[in-house]
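# Topology and contacts: notes
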Amino acid sequence: MTRKLQFKFLSVFMIIMLLLSLLLAGVVYYQKKSQLEYDCMMYMLNINNLENRDGSGDPSMLNYPPYFVLEIDNQTDTSQVVMGEFFLAENGLTTDELIALLAGSIEETGVLEAYQVRYYNGIRGTEGHRVVFMDVSYIAADLAKTRNEILLIAVPSLALMFVVGLFLSRWFARPAKQALDEQRWFVSFASHELKTPLSIISANLDLLDRSGGDEGPNAAFCYDNIRQECGRMQSLTEAMVWLALPGRSGQEEQLDVTKLLQEEALRFEVRAFEEGHALKADVAEGLSLRCDRVQLLTVVDVLLDNALKYCAPGSDIRLAARRCTTISRRTIQISVGNPGEAISKSEYENIFKPFYQTDQAGKGAGIGLAIAREIVTALRGQIRIEHKDGLNWFIVEL
């Protein structure tokens, strides 16, 4: 899929670059052609103007292309070269034949393509008129040279653009590849996590069948296990739906964060006591924040639950909250800490990814911290980990 995306991006990119190159080459070629034709006309006008001034001016010193001026006598219908050299004689053409070619032409200027000569009808009078002729073969030569120069520049440029496009296509497809890899990883681990409770439910149902069903001695035990695994599946499914939904947003309200955290600490204190821990809360007074209540409670619950799972036996868990003020903003900092070794760099980079578990595997589905990070991001906050005084602190700033 990502290769197709790269190919499409590269194809579109190269088509655009090719069209731009053709447009640029066309503009350069057209400007060059227009400039050469304009210069040619200026040469001929200058020749005509010199003849107008004194009747015998010779502009050959200006290094003009080959030219000559014919004077045509209307009465005798004869012509003679009065300026320049009649270079068309090399083609076996006479002045009379040249005049015959121009017979009936009423245009002021034109080109005799067969001889690559441009003419300009200059001085006109009752007795006759004069025509300026100039060799324009140099224009075709200059244009051919321009085409070659354009090709010499365009081919390496397009090759370079191909390399750049290849690099950009990989950069462009990287987020899609990462999302696809995460999706495959998500589905794989979700399937694995769901398979465990399903297998336990299946095993308990088999035990019920073998031991007499509802009346058997293991009925209460089996039903309790099934109920627990169904609850686990429900929690895991809800968590996966949360992670999969785009644009997750809640209902914002003005919350008394101090009161909310104190109530949450009391609720977890009982659980912590039952598991042999003490929960110590240090929540500053007067904390308030506008956000979704459920989302904020979910983040706090996830962090406290995570601290309980990975807390050493008999150690204390810390919950702290205070207001932080910086030059640019004011935030509320909520911190949950538990004793433990500093989290390694590799764990730090992966700990907020869905289904990631540390070496102490089996203590959860590895999805709670991923949900906490997603919620904090949705609330336009930040979450980070710090190791201080032997404690691993998960710090949320909102």
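Residues numbered from 1 in each chain as written. Predicted model: local features only at pLDDT ≥ 70, side-chain atom pairs only at ≥ 80, totals over all residues. Heavy atoms only, no water.

The secondary structure content of the protein amounts to eight helices and twelve strands. Per-residue burial over the protein gives 37% buried out of 398 residues. Sequence separation of 24 or more characterises 65% of the internal contacts of the protein that already satisfy a separation of 6 or more. Within the structure as shown, the protein displays about 24200 Å² of accessible surface, and the carbon and sulfur contribution to it stands at 56%. (Helix = DSSP H or I, 4+ residues; strand = E, 2+ residues; numbered from the N terminus. Buried < 20%, exposed > 50% of the residue type's maximum accessible area, 1.4 Å probe, protein only. Contact = heavy atoms within 4.5 Å. Areas by Shrake-Rupley, 256 points an atom, 1.4 Å probe, with all protein chains shown as cover.)

With that settled, consider the nonpolar core. Ranked by internal contacts, the top residues of the largest apolar core, which has 42 residues, are Val257, Leu261, Leu279, Leu296, Leu303 and Ile334. In terms of residue count, the dominant contributor to this core is helix H6 (residues 293–309) (nine residues). Once residues lying within four places of it in the same chain are set aside, the contact partners of Ile334 are Val257, Leu261, Leu296, Leu319, Ala320, Ala321, Phe394, Ile395 and Val396. (Core = buried A, V, L, I, M, F, W, Y, C linked by side-chain atoms within 4.5 Å.)

For the rest of this paragraph, the subject is helix H5 (residues 257–274). A rise of 1.5 Å per residue sets the reference length of H5, with its 18 residues, at 26 Å; its end C-alpha atoms lie 26 Å apart and thus fit the reference within 8%. Within H5, the axis deviates most sharply at Phe268, by approximately 25 degrees. Here the buried face of H5 lies against strand E6 (252–256), strand E7 (278–283), strand E8 (288–292), H6, strand E9 (316–325) and strand E10 (330–339). The backbone nitrogen of Thr258 lies 3.3 Å from a side-chain oxygen of the residue at the head of H5, namely Asp256. Where H5 ends, the next residue or the one after it, Gly276, has phi of about 85 degrees, a positive value. (Expected span 1.5 Å × (residues − 1). Bend = angle between axes of the 7 residues up to and from the residue. Polar contact = N/O pair within 3.5 Å; in protein donor to acceptor, adjacent residues only side chain to side chain.)

Take the pattern of salt bridges next. Applying the stated criterion across every chain yields a total of six salt bridges. A salt bridge links Glu71 to Arg130; the nearest nitrogen and oxygen atoms lie 2.3 Å apart. Within this pair, whereas Glu71 is found in strand E1 (residues 67–73), its partner Arg130 is found in strand E5 (residues 128–135), the two being separated by 59 residues in sequence. Arg384 is the salt-bridge partner of Glu397, the closest N and O atoms lying 3.1 Å from each other. A residue pair is termed long-range when its members are at least 10 positions apart, and Glu397 in strand E12 (residues 391–397) and Arg384 in strand E11 (residues 382–388) qualify at 13 residues. A relative accessible area of 17% places Glu397 in the buried class. For Arg384, a relative accessible area of 25% gives the class partly exposed. (Salt bridge = Lys/Arg side-chain N within 4 Å of Asp/Glu carboxyl O.)

To continue, consider the confidence of the model for the protein. Low pLDDT means the predicted coordinates in that region are not meant to be read closely. Summarising the model, the protein shows a mean pLDDT of 78, and 79% of its residues fall at 70 or more. Contacts from residues 52–56, a stretch scored under 50 in pLDDT, to residues over four places away or in other chains number four contacts. (pLDDT = per-residue confidence, 0-100.)

This paragraph deals with the packing of aromatic side chains. Applying the stated criterion across every chain yields a total of five aromatic pairs. Their ring planes at 75 degrees and their centres at 4.9 Å tell us that Phe68 and Phe86 sit as a pair that is edge-to-face. With Phe68 in strand E1 and Phe86 in the loop between strand E2 (78–84) and helix H2 (95–102), this residue pair connects regions lying 18 residues apart in the sequence. For Phe86, a relative accessible area of 17% puts it in the buried group. (Phe/Tyr/Trp six-rings, centres within 6.5 Å; stacked < 30°, edge-to-face > 60°.)

Among the secondary structure elements, Thr331 is positioned in strand E10. For Thr331, a relative accessible area of 6% corresponds to the buried category. Once residues lying within four places of it in the same chain are set aside, the contact partners of Thr331 are Arg322, Arg323, Cys324, Glu397 and Leu398.

When you tally the buried positions in E12, you get seven out of seven residues, the bulk of the element. Across the two faces of E12 the burial is the same, with Leu391, Trp393, Ile395 and Glu397 and Asn392, Phe394 and Val396 all buried. Examined bridge by bridge, E10 and E12 share seven bridges and lie antiparallel to one another. In the strand pairing of E12, Ser335 is matched with Ile395. When E11 meets E12, the two strands line up antiparallel, connected through seven bridges. (Pairing = 2+ DSSP bridges.)

Relative to the assigned elements, Tyr30 resides in helix H1 (residues 2–54). Separated by 113 residues in the primary sequence, Tyr30 and Leu143 have C-alpha atoms spaced 9.6 Å apart.

This brings us to the sheet that holds E11. Backbone hydrogen bonds are what pair the strands of a sheet, in a parallel or an antiparallel way. In space, the five strands of this open sheet follow the order E7-E9-E10-E12-E11, with mixed pairing throughout. Two strands close off the open sheet at either side, each with one partner strand: E7 and E11. Neighbour to neighbour, the strand axes of the sheet diverge by 20 degrees on average, direction disregarded. Where H5 meets the sheet, it contacts E7, E9 and E10, and its direction lies at approximately 170 degrees from that of E7. (Axes fitted to C-alpha atoms, helices over the stretch in contact; angles between N-to-C directions.)

Viewed as axis vectors pointing N to C, H6 and helix H8 (residues 368–378) meet at an angle of 145 degrees, and their least axial separation amounts to 9 Å. Here H6 and H8 pass one another in a crossing that is left-handed. Along the contact surface, H6 presents Gln295, Thr298, Val299, Val302, Leu303 and Asn306, while H8 presents Gly368, Leu369, Ile371, Ala372, Ile375 and Val376. Partitioning the contact of H6 with H8 into residue classes produces eight nonpolar, four polar and no charged. (Left-handed = near helix turned anticlockwise from the far one by under 90°. Nonpolar A, V, L, I, M, F, W, Y, C, P; charged D, E, K, R; others polar.)

Right, let's talk about a nonpolar patch on the surface for a bit. Taken together, the side chains of Val12, Ile16, Leu20, Leu23 and Val27 define a hydrophobic patch exposed on the protein surface, amounting to about 430 Å² of accessible area. Counting through the fold element by element, Leu20 comes out in helix H1. (Patch = residues over 30% accessible without salt bridge, like charges linked within 9 Å, V, L, I, M, F, W, Y side chains within 5 Å.)

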